[in-house]
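Listed below are the residues making up each chain.
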Amino acid sequence: MTDQNRIISWHANPSKPRYTPPPGAVDAHCHVFGPMAQFPFSAKAKYLPQDAGPDMLFALRDHLGFERNVIVQASCHGTDNAATLDAIAKSKGKARGVAVVDPAISEADLQALHDGGIRGIRFNFLKRLVDDAPKDKFLEVAQRLPKGWHVVIYFEADILEELRPFMDAIPVPLVIDHMGRPDVRQGPDGADMKAFRAFLNSREDIWFKATCPDRLDAIKEGGAGDPWNAFADAVAPLVADYQDRVLWGTDWPHPNMDTEIPDDGHLVDMIPRIAPTEELQRKLLVDNPMKLYWAD
Ligand SMILES: O=C(O)/C=C(\CC(=O)C(=O)O)C(=O)O
């Protein structure tokens, strides 16, 4: 990839949301890119973004009315978590993170990640983002994580069943990115949502992110786009039924989005549509992420 291919995947001037998040609200799924001069991208990166560093992330946080971030290591940085750790360090305690690690990582290096604010590791099964996802090695490292950590898993709905034995064997809580990417056009009782509910019912320590209407209800995926009505209809019942284990995040800077880049203000305005009461909103934005990421 050449430098000319560096993409801008975020909105230049997101609107101010109509919805005001409660005090202490956490954006529990976002990323940083670079800056590249300081934190080069992985040689295996499948996309090469422009810089979107901590200053931009924290300015967006304040603009949208949030107080904290959970920064998830994006695939473009591979297993070098330096950019994520740098952003956490600059947040003055207002950010924690999820790392992507080489499964052979030492105990001392895991502890160093913990000291830097990491509270989980991410396994990414999207073929367009990573070359391989070795389940046996992932399982081995999942068995020796620091106390209180969890595993974040990113997969698409068509491999949920295939991943079940692997996920069932993970001995720490699971957090599923973007609900495992169901086809929201099928509605709240569609096959994908039914399968995801069965999975959630199999264990009480499976959490999920009610995130990414912009990806799941995109025009290019056959959806209707912003204001993402199919997403709201399909996801609201899931949030209501599993309200103690659901998280929310912007997904800024929206890795890889080259068309239909979402207005982050509009993403925030999805919150009251999927969590209509103040109690649900407090769980989604404050209580649940604080339990997972700021328990200590
Ligand atoms: O940011 C997300 O949550 C989704 C991504 C990017 C990603 O996961 C990564 O680069 O690691 C995607 O669907 O391309």
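Calculation rules
Residues numbered from 1 in each chain as written. Predicted model: local features only at pLDDT ≥ 70, side-chain atom pairs only at ≥ 80, totals over all residues. Heavy atoms only, no water. Helix = DSSP H or I, 4+ residues; strand = E, 2+ residues; numbered from the N terminus. Buried < 20%, exposed > 50% of the residue type's maximum accessible area, 1.4 Å probe, protein only. Contact = heavy atoms within 4.5 Å. Areas by Shrake-Rupley, 256 points an atom, 1.4 Å probe, with all protein chains shown as cover. Lys, Arg positive; Asp, Glu negative; His and termini not counted. Charge placed at Lys NZ, Arg CZ, Asp CG, Glu CD. Near = heavy atom within 4 Å. Polar contact = N/O pair within 3.5 Å; in protein donor to acceptor, adjacent residues only side chain to side chain. Nonpolar A, V, L, I, M, F, W, Y, C, P; charged D, E, K, R; others polar. UniProt positions renumbered as here; feature names shortened; annotations may be inferred. Phe/Tyr/Trp six-rings, centres within 6.5 Å; stacked < 30°, edge-to-face > 60°. Lys NZ or Arg CZ within 6 Å of the ring centre and 35° of its normal. Pairing = 2+ DSSP bridges. Axes fitted to C-alpha atoms, helices over the stretch in contact; angles between N-to-C directions.

Student: Break down the overall build of the chain for me, with residues and values.
Tutor: Counting its secondary structure elements, the chain contains eleven helices and eight strands. Referenced to the eigenvectors of the C-alpha coordinate spread, the extents of the chain come out at roughly 45 × 40 × 35 Å. Taking all 296 residues of the chain together, the buried fraction comes to 58%. For the chain, restricting intrachain contacts to residue pairs at least 6 apart in sequence, the fraction spanning at least 24 positions comes to 77%. Surface accessibility of the chain: about 12,200 Å² in total, with carbon and sulfur atoms responsible for 51%. Within the chain, the 44 negative side-chain charges are centred at a point lying 2 Å from the centre of the 33 positive side-chain charges.

Student: Please provide a residue-by-residue account of the site of the ligand, values included.
Tutor: Around the ligand, the structure places 16 residues, and the nearest of them are H31, Y47, S75, Y154 and H178. A distance of 2.6 Å separates an oxygen atom of the ligand from a polar side-chain atom of H31. At a separation of 2.8 Å, an oxygen atom of the ligand approaches a polar side-chain atom of R122. Bound to the protein, the ligand loses 100% of the 350 Å² it would expose on its own. Across the shell around the ligand, the residue classes tally to five nonpolar, six polar and five charged.

Student: Mind laying out the UniProt feature "domain: Amidohydrolase-related" (unreviewed entry) in the chain, listing which residues take part and the relevant values?
Tutor: Those places that UniProt annotates as "domain: Amidohydrolase-related" (unreviewed entry) correspond, in this numbering, to residues 26-293. From the first C-alpha to the last, residues 26-293 spans 10 Å; its make-up is 37% helix and 13% strand.

Student: Which residues make up the packing of aromatic side chains, and what values do they have?
Tutor: The tally for this structure, following the rule as stated, stands at twelve aromatic pairs. Ring centres 4.0 Å apart and planes at 5 degrees place the aromatic pair F123 and F138 in the stacked group. One end of the pair, F123, is in strand β4 (residues 118-124); the other, F138, is in helix α4 (residues 135-142), with 15 residues separating them in the sequence. Taken individually, F123 and F138 each receive the classification buried, so the pair is uniform in this respect. Both rings, one in F138 and one in F166, keep their centres 6.5 Å apart while their planes meet at 45 degrees; by these two values the pair is tilted. With F138 in helix α4 and F166 in helix α5 (residues 160-168), this residue pair connects regions lying 28 residues apart in the sequence. In terms of burial, F138 and F166 fall into one category: buried. The structure contains a cluster of three or more aromatic residues connected by ring pairs, namely W10, F33, Y47 and W252. Above the face of the W294 ring, R68 is positioned so that its terminal group lies 4.8 Å from the ring centre.

Student: Please set out the sheet that holds strand β1 (residues 26-30) residue by residue, giving values where relevant.
Tutor: Spatially, the eight strands line up as an open sheet ordered β1-β2-β3-β4-β5-β6-β7-β8, and their pairing is parallel. This sheet does not close on itself; its edge strands, each paired only once, are β1 and β8 (246-247). Alignment of strand β2 (residues 68-72) against strand β3 (residues 95-99), held across four bridges, turns out to be parallel. By the bridge assignment for β3, N69 is matched with A95. Against the sheet, helix α1 (residues 54-64) makes contact with β1 and β2, and its axis sits at roughly 140 degrees relative to β2, the strand it touches most.

Student: Could you give an account of the environment of H31, naming the residues involved and the relevant values?
Tutor: Considering the arrangement of structural elements, one finds H31 in the loop between β1 and α1. Its relative accessible area of 2% is what places H31 among the buried residues. Apart from the residues lying within four places of it in its own chain, the contact partners of H31 are L57, I71, V72, Q73, A74, R122, D251, W252, P253 and P255. Of the polar contacts made by the side chain of H31, one reaches the side chain of H29; its length is 3.3 Å. Reaching out from H31, the side chain makes a polar contact with the side chain of D251 at a distance of 3.1 Å.

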